[in-house]
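# Examining the three-dimensional arrangement
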Amino acid sequence: MGKMVLSDSQHQEMANTIRFLAADAVQKAKSGHPGMPMGMADVATVLFTQFLKYDPTHPNWPDRDRFVLSAGHGSMLLYALLYLTGFKDITLDEIKNFRQLNSKTAGHPEFGHAAGIETTTGPLGQGLGNGVGMAIAECHLASRFGDDLVDHFTYVIAGDGCMMEGISHEAISLAGHLKLSKLIVLFDDNGISIDGPVSLSDSTDVLARFKAAQWDVNAVDGHDPQAVSKAIVDAQKSDRPSLIACKTTIGFGSPGKAGSEKSHGAPLGDDDIAGMRAELKWQYGPFEVPETSLALWRQAGESGAAAFAAWEKRKQSKSADVTTAFDAAMSGTLPEELSSKISGLKKGFSSDAPSIATRRVSEQVLDLVNEMVPETMGGSADLTGSNNTKGKVIAPLTAENYGGRYLHYGIREHGMAAAMNGLALHGGIIPYSGTFLVFSDYARPSMRLAALMKQRVIHVMTHDSIGLGEDGPTHQPIEHLPALRVIPNLNIFRPADGVETAECWELALNAQDTPSVIALSRQNLPTLRTDHTDSNLSAHGAYELASASGDAQVSLFATGSEVHLATAAKEQLDGKGVATRVVSMPCWELFDAQDASYKTQVLGKAPVRIGIEAAAAQGWEKYLGADGAFIGMNGFGASAPYQDLYAHFGITVDNIVATATELLK
C-alpha cells in the first residue's frame, strides 16, 4: 500500500475529523469514552494513511494487515476510521446511533457486527493477547504458503489499562520469545486512567518491561506525525516485536478536560465541545465531515485496491494444489473423509475395549486429526505430558521454525487462551490447547470472548475431577464444570470412554461457530460402547447407553468418569429386580438444543432419577426434577489416591444403589 503524502494542515484536518466524530457520538449517546480517540487520532491517521494494508471493498482479504483496538473503550476511534475510509457497514448514521440497540457501533467493538472489526475488545489486554495469536498465524501461514501469499503486519493500539492487566505480561513474553517481528504495538501513553493519573496505582517502567521481554522499544510524541511515521518504519524493519510508546494527551483539543480523567469515560458536554471547536478552529456542526477531509480519507481507503489486485494476481499464478489448500485453510473446512476415519477409530476402540484414560485416547484421536487436518495448531500451558496434546505428528513452532504446529505456551493460561482466539480470528488455523480443568479459571475471560465471537477454539482440559488424586483440592475441579456450562455458546464435552472421546473431538472440530471444552480424565476408564455404530451418538448431547428391561423404575444420568459407575450400579439394581436404565450425557449444551420429543424420550418416565458427576450439583436440577437425587461433590476435594477419594465422598456404586433403593420406598 502506497503512502499518502499529507501536508500538516491536511493531516490535522483528518485527525480532527476523528476527534469530533468521537466527541459528537459520545455526546449524543450520553455515554462513552471520547478521550482516547481524541488523543490517538494523530497516530491512527498516520497508520491508516501511510502503513496499514487494507481494502474496504475486500474487508476479508486474507493478506490484509490486522488492526486490533485493544483499548476497546475507545471504540469510536475504530468506527470513525471505518466510516471515513469507506467500509460500507459503518455509515454516518451508524455513528450517530452509537451505543444504541441493534447498532453496529456497540459500546465496545464486537466482532461480526461490521467488517473491519477484527476482534471483540473491551476487557483490557485481550486485544493484545489476540494480536499475539494473529501474528503467530501470519508467520506460520507464511512458512506454509510463502510470503507472496502471506506477508502482513498486526498492529495493536493498547492503553495503560492493557499494560496493567496481567494478561499483557503473558502475551508480551510469549511474543518476545517467538520473535514475532510482524507485531507492532502502539501504546497510548497518556498517563490517565478512570480514577485519575496512572501514578495513583502504578509506577512501572513499561518500556523497560517490554525490553526485558525481548521487544524492540521506541518512544515518540504521539502528536508528531513525522515521529510516529519514522517509528513505524523502524518497527517494520525490526527482527523482534515492536512497542512504540506514543506520548499523547487524552481528550486532545478539549479546553477544559484535555489531559484529565474527566475526558476518559464520560461525554465532554455541549459547552466543552463548543470550546473545542473554537480551540481547533473547527467550523463544522455535529457529525458534519468536511468534504476535503472525507475525500482524503476515502483516497486512503481506495489506495489498498492496487495491493489487493497484485495479491490476487500472485495467487492466480500459483498451482491449483496451492490455491486449493490455501482456500481450504482460510475457509476452515474439514476433509470430507475425516468423519469416516474417526468412525474407524471408534470401531477399534469398541473392538479392543481398552481401559484407558480419556486424555490418552484424545492423544490418539489427535494423531489422526493432525495428520489429516494441516490447519490444526496445538499447544499446552506447560503440561504437554499431562494433557497429551502433542502426539507424534506435529513439531513445535519456534522462533527458528514457524512451520511447526505445536506451541509451548508456558505457564500462561490466560495469554494462551487469548492467543488461541487470535489464531482463530486470523483464519487458516484451528487452534486447540491444553491445561488442567481447574485452571480454566485463569483462561475463562478469553474463553468467554471466544463464545461471544463464535470462534472455533478447542480447550483440552484434563484432570477433570477428584479423579486426579493426590494433587489435592487446589488442583481438583469442583465448581468448574457448572461454571463453564453457564457461558452461552460454549460446548462442554465430558466423554465417558474412548468412543465418546473420538465423537466429542469430531463434534468440536465441526463446530465452526462455537468454542469447546473437552474435559478428560487422568484415571483409566473402561470402554462402555463395545458395539460399534457409525452414528455419532454424542451429537445428541445425551443418549440412552443402557436400556431397562421393561418399564424403568430408575434412570441414572452421568457424565465422563462416572458413567461406568452408573452402568455397574444398573447391573446390581437389575439383579435386585429394579429395572434401571443409564443415560450418558457427554454434552449438556447439545442435549438442550434437541427437540422436545427427543429430550422427553431420553429423560424417560422412571419415577426415580439420579444424577452422578464428580462435580458440584448446579444445573442438574433441570434434568432430575424436584424429587431427583444427585451424587457428586458438595465441597472441596482432598489429597489421596483417587479410589480412596471416590469412596470418601460417596461417589460409588454402592451409594448409587442405596440411594435408588431408598428413593423407591
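If you're wondering where the values come from, they're calculated on a predicted model, not measured in any experiment. (Residues numbered from 1 in each chain as written. Predicted model: local features only at pLDDT ≥ 70, side-chain atom pairs only at ≥ 80, totals over all residues. Heavy atoms only, no water.)

## Focus: the overall build of the protein
Within the protein one finds 26 helices and 18 strands. Across its three principal directions, the C-alpha atoms of the protein cover 90 × 55 × 45 Å. The proportion of buried residues among the 665 residues of the protein is 60%. When contacts within the protein are restricted to residue pairs at least 6 apart in sequence, long-range pairs at least 24 apart make up 78% of them. Summing over all exposed atoms, the protein offers an accessible surface of approximately 24400 Å²; the carbon and sulfur share of this is 49%. Within the protein, the 76 negative side-chain charges are centred at a point lying 2 Å from the centre of the 54 positive side-chain charges. (Helix = DSSP H or I, 4+ residues; strand = E, 2+ residues; numbered from the N terminus. Buried < 20%, exposed > 50% of the residue type's maximum accessible area, 1.4 Å probe, protein only. Contact = heavy atoms within 4.5 Å. Areas by Shrake-Rupley, 256 points an atom, 1.4 Å probe, with all protein chains shown as cover. Lys, Arg positive; Asp, Glu negative; His and termini not counted. Charge placed at Lys NZ, Arg CZ, Asp CG, Glu CD.)

## Description of the packing of aromatic side chains
Scanning all chains against the criterion turns up 23 aromatic pairs. When the centroid spacing of 5.2 Å and the interplanar angle of 85° are considered together, the rings of Phe 145 and Phe 326 count as edge-to-face. Of the two residues, Phe 145 sits in helix α5 (residues 126–145) while Phe 326 sits in helix α13 (residues 320–331), which places them 181 residues apart along the sequence. Of the two residues examined, Phe 145 and Phe 326, each falls in the buried class. Members of the aromatic cluster, joined through ring pairs, are Trp 588, Phe 591, Tyr 598, Trp 620, Tyr 623 and Phe 630. Residue placement shows Arg 298 over the ring face of Tyr 83; its charged tip is 5.3 Å from the ring centre. A cation sits over an aromatic face here: Arg 485 above Trp 588, 3.7 Å from the ring centre. (Phe/Tyr/Trp six-rings, centres within 6.5 Å; stacked < 30°, edge-to-face > 60°. Lys NZ or Arg CZ within 6 Å of the ring centre and 35° of its normal.)

## A closer look at the pattern of salt bridges
For the structure on display, the rule yields 23 salt bridges. For Arg 277, the salt bridge identified is with Asp 24, shortest N-O distance 3.1 Å. Residue Arg 277 is found in helix α10 (residues 270–279), and its partner Asp 24 is found in helix α1 (residues 8–29); the two are separated by 253 residues along the sequence. Taken as a pair, Arg 277 and Asp 24 share a single burial class, namely buried. Here the residues in one salt-bridge network are Glu 138, Asp 151 and Lys 182, joined through shared partners. (Salt bridge = Lys/Arg side-chain N within 4 Å of Asp/Glu carboxyl O.)

## Here's the deal with the packing of helix α2 (residues 35–51) against helix α3 (residues 75–85)
Relative to each other, α2 and α3 sit at 40°, their axes nearing to 10 Å. When the interaxial angle is binned, α2 and α3 end up oblique. The hand of the α2/α3 crossing is right-handed. Counting all contacts with α2, which are made through Met 36, Pro 37, Met 40, Ala 41, Ala 44 and Phe 48, the residues of α3 involved are Met 76, Leu 77, Leu 81 and Thr 85. Grouping the constituent residues of the contact of α2 with α3 by class yields 9 nonpolar, 1 polar and no charged. (Axes fitted to C-alpha atoms, helices over the stretch in contact; angles between N-to-C directions. Parallel < 35°, antiparallel > 145°, perpendicular 65-115°, else oblique. Left-handed = near helix turned anticlockwise from the far one by under 90°. Nonpolar A, V, L, I, M, F, W, Y, C, P; charged D, E, K, R; others polar.)

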